[in-house]
Number of protein chains: 2
Amino acid sequence: FKKTGVVNAYFPLFIAKSFLVKVYEHVEGFSPELAIVTIAGGKELKEPLVVRPTSETIIYEAYSRWIQSHRDLPLLINQWANIVRWELRPRLFLRTTEFLWQEGHTAHATAEEAEERTKMMVNIYKEFSEKYLAIPVIAGVKSESEKFAGALRTYTIEAMMQDGKALQFATSHNLGQNFAKPFDVKFLDENGESKFVWQTSWGLSTRSIGGIIMTHGDDKGLVLPPMIAPVQVVIICIFTGYEADKEVLEKAEEIKGELEKNGVRVKIDKRDKRLGEKSYEWERKGVPIRIEIGPKDITNDSVILVRRDTGSKEAIKINEIVNKVKGLLEKIQNKLFDKALKLREDKTKIVDSYDDFKKTIENNNFVLAHWDGTAETEEKIKQETKATIRCIPFDSKEEQGKCVYSGKQSDKRVLFAKAY
Amino acid sequence: FKKTGVVNAYFPLFIAKSFLVKVYEHVEGFSPELAIVTIAGGKELKEPLVVRPTSETIIYEAYSRWIQSHRDLPLLINQWANIVRWELRPRLFLRTTEFLWQEGHTAHATAEEAEERTKMMVNIYKEFSEKYLAIPVIAGVKSESEKFAGALRTYTIEAMMQDGKALQFATSHNLGQNFAKPFDVKFLDENGESKFVWQTSWGLSTRSIGGIIMTHGDDKGLVLPPMIAPVQVVIICIFTGYEADKEVLEKAEEIKGELEKNGVRVKIDKRDKRLGEKSYEWERKGVPIRIEIGPKDITNDSVILVRRDTGSKEAIKINEIVNKVKGLLEKIQNKLFDKALKLREDKTKIVDSYDDFKKTIENNNFVLAHWDGTAETEEKIKQETKATIRCIPFDSKEEQGKCVYSGKQSDKRVLFAKAY
């Protein structure tokens, strides 16, 4: 974000209810999402406060005061914040009453610049997801029904979880002047003419943690991609209760020091627990590499190295640890990405008949199918199969075909799937 | 924090009111601080929710479940969070209804370990404040009246603002077993005996931003210590509307690249505004060094370099910029610290009579005076002079003397001041 000129700022948690409602009263299902403070300072408030369900209102009200001239543009602000949307059917990390996110809000002098920023951010999310989280995603544009109601266009990245269902990973909205007008966010251009700004907003939430778990995890617990693992290597000391334990600990510290010098994040587990118990705990926590070291290993000048992703074990010489670990971290990172990508490729089907469509969706696949572009068809497919249009992929090629549902003309396949 | 073994975690914003009140009902003035959610999901809640005014309750309830054995100890957790305490007389950054902080919460097997952690954290805050924020602080222990009600002992760092008043900068509490008992946080020790844990908590808030402003700021605006300035050097392009402007921008980019390679955080201001207007803006924002570059400077192979703290300007050769800037950033950092320290030293008085005490406090000084150790004396001094005991400094030497108020025996001077 920072490299693209975005700065961080923080806006209030509470928003006056009357102000928020004025803006969102037309949005269906919005009000039941709100958590409302009615008592504070020991008494009933005259004006109830809403715990922010999103910050457009409070941020754009500020923008209407901050932006005066074309010289104040572009305004590129990001906020890291907690958000509250009352949730009756919570699902850990995916849908919770409180969640954490970042929300970017930018204002521009031209429609072109806003569109460029909207695309830039969805690409940044794609890069972040694929390079850091090892989660392959499909980037594209949302259909009219699936886009953010306040946006001209919503771009999205969609990931496939191990069960074949889609997870919307992050979105980037081109808001056009839809908020600038009600919030009166105007600027004087070079010719002294008063114009509304063009805006974008974009966000990624703690939902992505759910994505990491559901993309890489296995029956033993978490599997963390090395790039984001807080601990990349855990050195588990095997103690015997004899004099040699001291040497084990010293050697562990030495290995830790060497690895840290090479930029590896390391932790030593020197707790007085059994090896099995300690291994199990770090396995569950998804640490990419475990190094087991005991008195016998020191005698052999070697350690046991265990990969979290494959479970494979090998003995390696102590003086080879740094090179081995560095290579392996990279290998695991790539392996996790490749595995997830292979699953997605295997479970992405090109489908041309509605019968096939229904079967393929029922078996939890991604489906690339022709669609006639109407909300009616989209809605009927959703009702009949639970599949939604995840996006119209950026890389979907021009191709004449017939809508899988209505048989009408279509010039592009879109991505359908059941989604979290 | 991380280097000392602390890990980050996040706990909920909302705490059931009945649960919170049970714990704090005995704390005076606590309830009026609360903001309470009574409506959510479109209806009245059966159990109102409090927006966290601090997280002891929710964290220690979790600890009582997470901690079973001595092997689970120490538990060292930190949370970065927003906090709400209803404020009728807000003061920007110092006292606001919502503020941001980090709150550390640790649990230990022994009293000694908890005490060690409490001291460690106050020392970390001192180092952070002095080394990064260039704010000299006095570390010490709070009196019984000034300590956190739930703590055995509260350690604090206190800074002097430019007006001579004190700002409590961060605190570290040894909670003893005061929370372990009501929350039933117990562990089985090596001998299988059930024992209560020993706890600490410690925090630093956005109040420290107020501290930075009031310690270093001047009539022109912010003065940021280089170590924490988001932008350490701003390169202001002087444009003339002629061909040479392109060269100016190129040279600015080149200088930026060189500085960034050397770890300096740089921004180029290439906006089409007048030099004065741009300089004023960056001055107000406290950027430590401004570099002004225009066509004439390029001809001379030099630039103008302006220090925010002193306002001094000098022309320097372009090939000397990196060394000059690196040296200057360090110099400014030290200068800001030294200046603040000198002010504090000049305005810290050793006082032995109550008449002197009153005059010295009235003129907004720190006062080192003898105190008889009683809450009564402390309270009377506060009522009569508005001065409170900021702390009993760690480095206060044993010295026989008489209480400045009561004339009773005292073996140590304590720090009095009016405080924010």
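Because the structure is predicted, anything quoted here is derived from the model rather than measured.

## Considerations on the relation of the copies chain A and chain B
Here is step 1 of the chain: When chain A is fitted onto chain B, the two copies agree to an RMSD of 0.0 Å after a turn of 180° and an axial shift of 0.0 Å. Given the turn and translation reported, the copies of this chain are related as if by a two-fold rotation axis. For chain A, the minimum C-alpha distance to the rotation axis belongs to Val37(A) and amounts to 2.0 Å.
Here is step 2 of the chain: With an isologous cut-off of 70% or more, the 100% of interface residues of chain A that recur at the interface of chain B puts this contact in the isologous class.

## A few points about the sheet that holds strand β16 (residues 302-307) of chain B
Through backbone hydrogen bonds, the strands of a sheet pair up, either in parallel or in antiparallel fashion.
All names here are of chain B.
Here is step 1 of the chain: Spatially, the five strands line up as an open sheet ordered β14-β13-β15-β16-β17, and their pairing is mixed. The open sheet has two edge strands, β14 (266-269) and β17 (313-317), and neither has a second partner. Across the sheet, the mean angle separating the axes of adjacent strands is 25° when strand polarity is ignored.
Here is step 2 of the chain: As paired strands, strand β15 (residues 289-293) and β16 are joined by four bridges and run antiparallel to one another.

## Focus on the packing of aromatic side chains
Here is step 1 of the chain: One pass over the structure, following the stated rule, counts 34 aromatic pairs over all chains.
Here is step 2 of the chain: Seen from their ring centres, Phe179(B) and Phe183(B) are 6.3 Å apart, and the 25° between their planes marks the pair as stacked.
Here is step 3 of the chain: A relative accessible area of 8% places Phe183(B) in the buried class.
Here is step 4 of the chain: An aromatic cluster is defined as three or more aromatic residues linked by ring pairs; in this entry it consists of Phe11(A), Phe19(A), Tyr60(A), Tyr63(A), Trp66(A), Phe148(A), Phe179(A) and Phe183(A).
Here is step 5 of the chain: Across from the ring centre of Trp282(A), 5.2 Å away, lies the NZ or CZ of Lys285(A), which sits over that ring.

## Digging into the interface of chain A and chain B
Here is step 1 of the chain: Opposite the 28 residues of chain A that make contact, chain B presents 28 residues.
Here is step 2 of the chain: Summed over both partners, the interface of chain A with chain B buries about 2300 Å², with 64% contributed by carbon and sulfur atoms.
Here is step 3 of the chain: When the area that chain A buries against chain B is broken down by residue, the three leading residues are Arg71(A), Trp86(A) and Glu98(A), summing to 22%.
Here is step 4 of the chain: For the pair chain A and chain B, the number of links is two salt bridges.
Here is step 5 of the chain: For Arg71(B), the salt bridge goes to Asp272(A), with nearest N and O atoms at 3.9 Å.
Here is step 6 of the chain: Taken together, the connections running from chain A to chain B amount to 16 residue pairs in polar contact (both at pLDDT 80 or more).
Here is step 7 of the chain: Going through the elements one at a time, β3 (35-40), β4 (43-51), β5 (75-84) and β6 (98-108) of chain A are the ones with two or more residues in the side of chain A that touches chain B.

## Focus on a nonpolar patch on the surface
Here is step 1 of the chain: Judged by side-chain polarity, Leu92(A), Phe93(A), Ile209(A) and Ile213(A) come together as a nonpolar surface patch covering roughly 350 Å² of accessible area.
Here is step 2 of the chain: Residue Leu92(A) is classed as exposed on the basis of its relative accessible area, which comes to 70%.

## Details of the nonpolar core
Generally speaking, nonpolar side chains in soluble globular proteins are found buried as a group.
Here is step 1 of the chain: By size, the foremost hydrophobic cluster in this structure holds 39 residues, and its most contacted members are Ile157(B), Phe169(B), Phe357(B) and Phe416(B).
Here is step 2 of the chain: Once residues within four sequence positions are removed from consideration, Ile157(B) is found in contact with Val122(B), Tyr125(B), Lys126(B), Ser129(B), Val137(B), Ile138(B), Ala139(B), Leu167(B), Gln168(B), Phe169(B) and Ala170(B).
Here is step 3 of the chain: Membership of the second largest hydrophobic core comes to 38 residues, among which are Tyr125(A), Val137(A), Ile381(A) and Ile389(A).

## Describing unusual backbone geometry
Here is step 1 of the chain: Residues Leu73(A) and Pro74(A) are joined by a peptide bond in cis, for which omega reads -10°.
Here is step 2 of the chain: The phi angle at Asp184(B) is positive, at roughly 60°, despite the residue not being glycine.
Here is step 3 of the chain: With respect to the helices, strands and loops of the structure, Asp184(B) is situated in the loop between α4 (180-183) and β10 (186-188).
Here is step 4 of the chain: On the basis of relative accessibility, which here comes to 40%, the residue Asp184(B) falls in the partly exposed class.
Here is step 5 of the chain: Positive phi, close to 70°, is recorded for Lys386(B), a residue that is not glycine.
Here is step 6 of the chain: A residue is classified by how much of its surface remains accessible, and Lys386(B), at 65% relative accessible area, is exposed.

## What to know about the confidence of the model for chain A
Here is step 1 of the chain: Confidence along chain A averages 95 in pLDDT terms, with 99% of residues attaining 70 or more.
Here is step 2 of the chain: In the model output, the complex is listed with pTM 0.93 alongside ipTM 0.92.

## A short note on the packing of helix α6 (residues 244-261) of chain A against helix α9 (residues 321-346) of chain A
Residues and elements named next belong to chain A.
Here is step 1 of the chain: Taken N-terminus to C-terminus, the directions of α6 and α9 make an angle of 55°; their axes are 10 Å apart at the nearest point. By the angle between their directions, the pair α6 and α9 is classed as oblique. Considering only the axes of α6 and α9, their crossing is right-handed. In contact with Ile-255, Glu-258 and Leu-259 of α6, α9 contributes Ile-321, Val-322 and Val-325.
Here is step 2 of the chain: Looking at side-chain class alone, the contact of α6 with α9 contains five nonpolar, no polar and one charged residues.

## Describing the pattern of salt bridges
When the charged atoms of two side chains with opposite charge come close together, those side chains can pair.
Here is step 1 of the chain: Throughout the structure, instances matching the rule amount to 58 salt bridges over all chains.
Here is step 2 of the chain: With a shortest N-O distance of 3.4 Å, Asp184(A) and Lys186(A) are connected by a salt bridge.
Here is step 3 of the chain: Here Asp269(B) makes a salt bridge to Arg271(B), at a shortest N to O gap of 2.8 Å.
Here is step 4 of the chain: In this structure Arg271(B) comes out as partly exposed when scored by relative accessible area, which is 23%.
Here is step 5 of the chain: Each member of the salt-bridge network shares a partner with another, and the members are Asp269(A), Arg271(A), Lys273(A), Lys278(A), Glu281(A) and Lys285(A).

## Regarding helix α10 (residues 354-362) of chain B
In an α-helix, one turn spans 3.6 residues; hence positions three or four apart end up facing the same way.
Residues and elements named next belong to chain B.
Here is step 1 of the chain: Listed in full, the buried residues belonging to α10 are Tyr-354, Phe-357, Thr-360 and Ile-361. Down the axis of α10, the sector holding all buried residues measures 125°, keeping them to one side. Opposite the buried face of α10, at more than 90 degrees from it, the exposed residues are Asp-355, Lys-359 and Glu-362.
Here is step 2 of the chain: The inward-facing, buried residues of α10 contact β18 (348-350), β19 (366-370), α11 (375-385) and β23 (413-417).
Here is step 3 of the chain: Downstream of α10 by a residue or two, Asn-364 has a phi angle that is positive, lying close to 55°.

Cut-off values and rules
- Residues numbered from 1 in each chain as written.
- Chains lettered and ligands numbered in written order.
- Predicted model: local features only at pLDDT ≥ 70, side-chain atom pairs only at ≥ 80, totals over all residues.
- Heavy atoms only, no water.
- Least-squares fit on C-alpha atoms with pLDDT ≥ 70 in both.
- Contact = heavy atoms within 4.5 Å.
- Pairing = 2+ DSSP bridges.
- Helix = DSSP H or I, 4+ residues; strand = E, 2+ residues; numbered from the N terminus.
- Axes fitted to C-alpha atoms, helices over the stretch in contact; angles between N-to-C directions.
- Phe/Tyr/Trp six-rings, centres within 6.5 Å; stacked < 30°, edge-to-face > 60°.
- Buried < 20%, exposed > 50% of the residue type's maximum accessible area, 1.4 Å probe, protein only.
- Lys NZ or Arg CZ within 6 Å of the ring centre and 35° of its normal.
- Buried area = accessible area lost by both parts, 1.4 Å probe.
- Salt bridge = Lys/Arg side-chain N within 4 Å of Asp/Glu carboxyl O.
- Polar contact = N/O pair within 3.5 Å; in protein donor to acceptor, adjacent residues only side chain to side chain.
- Patch = residues over 30% accessible without salt bridge, like charges linked within 9 Å, V, L, I, M, F, W, Y side chains within 5 Å.
- Areas by Shrake-Rupley, 256 points an atom, 1.4 Å probe, with all protein chains shown as cover.
- Core = buried A, V, L, I, M, F, W, Y, C linked by side-chain atoms within 4.5 Å.
- pLDDT = per-residue confidence, 0-100.
- Parallel < 35°, antiparallel > 145°, perpendicular 65-115°, else oblique.
- Left-handed = near helix turned anticlockwise from the far one by under 90°.
- Nonpolar A, V, L, I, M, F, W, Y, C, P; charged D, E, K, R; others polar.
- Arc of directions from axis to C-beta.

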